[in-house]
Each structure stands twice: as structure tokens, then as C-alpha cells.
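The lines below spell out each chain.
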Amino acid sequence: MFSRVTESKAKNMMTSENLAIVFAPTLMRSPDSDPMLNLMSVGTEQKSVELLISQAKELFLKWKQ
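Structural notes, computed from the coordinates. What you see is a predicted model, and the numbers here were worked out from it, not measured in a lab.

## Remarks on the overall build of the protein chain
Helix and strand counts for the protein chain come out as 5 helices and 0 strands. Helices and strands appear in the protein chain in the N-to-C order α-α-α-α-α. Against the compact-globule benchmark of 11 Å for 65 residues, the protein chain has a radius of gyration of 13 Å, which places it well outside the compact range. Expressed as lengths along the three principal axes of its C-alpha atoms, the size of the protein chain is roughly 40 × 30 × 15 Å. Per-residue burial over the protein chain gives 17% buried out of 65 residues. Taking as baseline every contact in the protein chain between residues at least 6 positions apart, the subset at least 24 positions apart corresponds to 41%. When the accessible surface of the protein chain is split by element, carbon and sulfur atoms take 63% of a total near 5300 Å². The positive charge centre, built from 8 side chains, and the negative charge centre, built from 7, are 13 Å apart in the protein chain.

Shown next, in the form of C-alpha cells:
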């Protein structure tokens, strides 16, 4: 699904980085309630989701086989 969105990034301006900014807080929510710790981990969470989105075809095609 995300790969279809990023394929049209020239039209919708939703790169894998932008999608990660939107979805990382939901997909990788920190269990800690301390706001400072949450802020410190947000960059790592975004990069992780961005990597999953940008490499989804390679990751999941190899996994599926």
C-alpha cells in the first residue's frame, strides 16, 4: 500500500520520509510515558518506518518466497 503512494510522490508529495513522519508515532509508539524519552526516540522510530516503507518490496518479496 505505501509503495503505491510513494510511486506517485511527484503528484502527492508523500515520500517514504513523509509517510514515516505520519505513521511512525502510531506504528512504533513508545511504552514509556516520559515525554522527553519519547522525543529522544522519535528520530529512530521514523527512520525505521521509513526504511520499511522504502524497502518493502525487497523485504516482503524475499520473505514471501
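## Some thoughts on the pattern of salt bridges
Opposite charge on two side chains permits them to pair, given that their charged atoms come into close proximity. Scanning the entire structure with this criterion turns up 2 salt bridges. When the shortest N-O distance is used, the salt bridge between E50 and K47 registers 3.5 Å. With E50 and K47 both in helix α4 (residues 35-54), this residue pair falls 3 residues apart, about one helical turn. On the accessibility criterion, K47 (53% relative accessible area) is exposed.

Thresholds applied
Numbering of residues starts from 1 in every chain and runs along the sequence as written. Selection of residues for local features in this predicted model requires a pLDDT of at least 70, selection of side-chain atom pairs for listing and counting requires 80 or more, and totals for whole chains, interfaces and linings are taken over all residues. Excluded from the side-chain calculations are hydrogens and water; all other atoms, namely the structure's heavy atoms, are used. Secondary structure is summarised from DSSP: a helix means a run of H or I of at least four residues, a strand means a run of E of at least two, and numbering begins at the N terminus for each. For a compact globule the rule gives 2.2 Å times the number of residues to the power 0.38, and the radius of gyration it is set against comes from C-alpha atoms. Summary of the burial criterion: residues with accessible area below 20% of their type's maximum are buried, those above 50% are exposed, and those between are partly exposed, where the area comes from a 1.4 Å probe applied to protein chains only. It only takes one pair of heavy atoms within 4.5 Å for two residues to be counted as in contact. Accessible surface is estimated by sampling points in the Shrake-Rupley manner with a 1.4 Å probe; for residues, cover comes only from the protein chains shown. Charged residues are defined here as Lys and Arg on the positive side and Asp and Glu on the negative side; His and the ends of the chain fall outside this count. Charge positions are represented by NZ for Lys, CZ for Arg, CG for Asp and CD for Glu. Basic side-chain nitrogens of Lys or Arg form a salt bridge, by our definition, when they fall within 4 Å of a carboxyl oxygen of Asp or Glu.

Everything listed here is a matter of geometry and, on its own, says nothing about what the molecule does.
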